[in-house]
Amino acid sequence: MNNENRNNNNNARAVSEFLNEYMNAMYNLSLEGLFEAYWDCRKNKSRTASASAFEVHYEDNLIRLHKEITSGAYTQQEAVSFVITKPDYREIFASHFRDRIIHHWIRQRIEPIFEQLMIPTTFNCRKDKGTLAAQMYVAEAIKEVSNNYTSDCYVMKVDIKGFFMSIDRQRICDKVTAIVAEHYSAEDKDALLFLLRKVLLNAPEKHCRRCGDLSLWRHIKPHKSLFTNEEGKGLPIGDLVVQMAANILLNDTDHFITDTLDIKMARYVDDMVLIHQDKDYLLRAVPKIRALLLQTAGVELHPHKFYIQHYTKGVKFVGAVIKPHRTYVANRTVNNAFASIRRLHKSKASAEDIVASVNSYLGIMRHHRTYRIRQRLCRLISKRFGKKVIVEHNHKKINDRRTKTTHSLTRGTGARAHRLRGVAEDAKAC
């Protein structure tokens, strides 16, 4: 409303203009839902350049994004492509922050549907079901099948060949949209289906910006890169919606293994661990699993990445070696931790970067029998970064020395505590 006041800065628009926009909208989408997705997306990405640029005028940007979607004009922006070298050479596509908001909006709507359809032992890209939960389940399943380690039990590991790069985009799009069309009934259903097609049929390799060392692409085999892969095949590793869709693509096989074959199973992305008392029964199940994967998902089991042994030999799964009564951290993780310290020392990293990197490794290790490893790691940290960080006595965590000193100064009671707080605040201001 303008109230015919020349000093009123409110914008006035004709009702007819608003009705024209409303009537011309192709999809019903709540602007509040888009804002909610933005705050959810921003939680762990607020320091990135694209997130900062979007946040400067985030309200206007979200309103503009809302109009693009409701009018059917939305398209994904240029992604950033780069190659990581660990654990293997792998091509990554990072979507623009604006598009990641859409991914979170989609996740908020399809996650409850997928959770009802999937088995509880699929562990990737699900709440409270990370690598640690997968390791704990496998350990408990071995204990249960072997009758508390008193009878025979065999563990088989299988892997899908070039999983993400072998997925047919049209197949996975049809499967996911069919499930959503059947189980989702909110007013924004058409908008959800529209955005799912945009994300799952997107070909980021055709409009992306390559970053980092371009020579690293020489180490990637042609069938493992979207730039050289077969037309219409392959999904970008890293997108939230892609990870969820990949889970549901293998859902039929998961149910077949656990319900029809009655085999204990844990799956993390394309790594599967199958547990049963009969070794021959597991071997006979492999051709059936291979046939079903090809029929329902269009993917194949890797012919060489195959492992079957007695449970007493242990099994390596998602970064840990699981044996009776104990679980060890994988050697690769330990080597990467020590290599990270050497790299941080060479680059003269800040205390904040050291704490973030080292604590991530210590956080993984403290869940396993790694006291001596953590002790050696922390000794090296004290030797290299003793002036910047402080190591806790239990070797489970390190802290920034400046933050720790300020915290200790503020301890105490009464007038003495008040004086110490003042000293700490003065020191911080300086």
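Please refer to the structure placed before this passage.
Parameters at a glance
- Residues numbered from 1 in each chain as written.
- Predicted model: local features only at pLDDT ≥ 70, side-chain atom pairs only at ≥ 80, totals over all residues.
- Heavy atoms only, no water.
- Buried < 20%, exposed > 50% of the residue type's maximum accessible area, 1.4 Å probe, protein only.
- Helix = DSSP H or I, 4+ residues; strand = E, 2+ residues; numbered from the N terminus.
- Pairing = 2+ DSSP bridges.
- Expected span 1.5 Å × (residues − 1).
- Contact = heavy atoms within 4.5 Å.
- Axes fitted to C-alpha atoms, helices over the stretch in contact; angles between N-to-C directions.
- Salt bridge = Lys/Arg side-chain N within 4 Å of Asp/Glu carboxyl O.
- Phe/Tyr/Trp six-rings, centres within 6.5 Å; stacked < 30°, edge-to-face > 60°.
- Lys NZ or Arg CZ within 6 Å of the ring centre and 35° of its normal.

1. As for the pairing of strand 1 (residues 79-84)
Where burial is concerned, the two faces of strand 1 differ: the one with Ala79, Ser81 and Val83 is buried and the one with Val80, Phe82 and Ile84 is not. Looking at chain direction, strand 1 and strand 4 (residues 208-210) are connected through 3 bridges and run parallel. Looking across to strand 4, one finds that Val80 is bridged to Arg209. What sits between the antiparallel neighbours strand 1 and strand 2 (residues 90-94) is a turn of 5 residues.

2. Things to note about helix 15 (residues 371-385)
Helix length check: helix 15 (15 residues) gives 20 Å between terminal C-alpha atoms against 21 Å at 1.5 Å per residue, within 8%. Every buried residue of helix 15 is listed here: Ile373, Arg374, Gln375, Leu377, Cys378, Leu380, Ile381 and Phe385. Tucked into the core, helix 15 has its buried residues touching strand 10 (326-329), helix 13 (331-346), helix 14 (351-365), strand 11 (389-391) and strand 12 (398-400).

3. Section: the sheet that holds strand 4
The pairing of strands in a sheet comes from backbone hydrogen bonds and takes either a parallel or an antiparallel form. If you walk across this open sheet you meet the 3 strands as 2-1-4, and the pairing is mixed. Looking along the sheet, the strands with just one partner apiece sit at the ends: strand 2 and strand 4. For this sheet, the mean inter-axis angle between neighbouring strands, taken without regard to orientation, is 30°. Pairing between strand 1 and strand 2: 5 bridges, direction antiparallel. Across the sheet, the residue bridging to Ile84 is Arg90, located in strand 2.

4. Comments concerning the pattern of salt bridges
The final tally for this structure, using the stated rule, is 16 salt bridges. Notably, a salt bridge pairs Arg42 with Glu55, separated by 2.8 Å at the nearest N-O pair. Of this pair, Arg42 sits in helix 2 (residues 31-42) while Glu55 sits in helix 3 (residues 49-56); the two residues are 13 residues apart in sequence, bridging distant segments of the chain. Note that Arg98 is salt-bridged to Glu68, the shortest N-O span being 2.2 Å. Highlighted residues: Arg98 in helix 5 (residues 97-117) and Glu68 in helix 4 (residues 58-70), separated in sequence by 30 residues. A relative accessible area of 8% places Arg98 in the buried class.

5. Quick look at the packing of aromatic side chains
Throughout the structure, instances matching the rule amount to 13 aromatic pairs. Between Tyr27 and Phe194, the ring centres sit 4.6 Å apart and the planes meet at 20°, which makes this aromatic pair stacked. Of this pair, Tyr27 sits in the loop between helix 1 (15-24) and helix 2 while Phe194 is found in helix 9 (residues 189-200), placing the two residues 167 residues apart along the sequence. On the numbers, 5.9 Å between centres and 40° between planes, the contact of Phe123 with Tyr137 is tilted. A residue pair is termed long-range when its members are at least 10 positions apart, and Phe123 in the loop between helix 5 and helix 6 (131-145) and Tyr137 in helix 6 qualify at 14 residues. Owing to a relative accessible area of 23%, Tyr137 belongs among the partly exposed residues under this scheme. The ring of Trp217 is capped by Arg210, whose NZ or CZ atom sits 4.7 Å from the centre of that ring. When the ring centre of Phe227 is taken as origin, the NZ or CZ atom of Arg210, which lies over that ring, is 3.7 Å away.

6. Concerning the environment of Ala356
By the element assignment, Ala356 lies in helix 14. By relative accessible area, which is 51% here, Ala356 ends up exposed.

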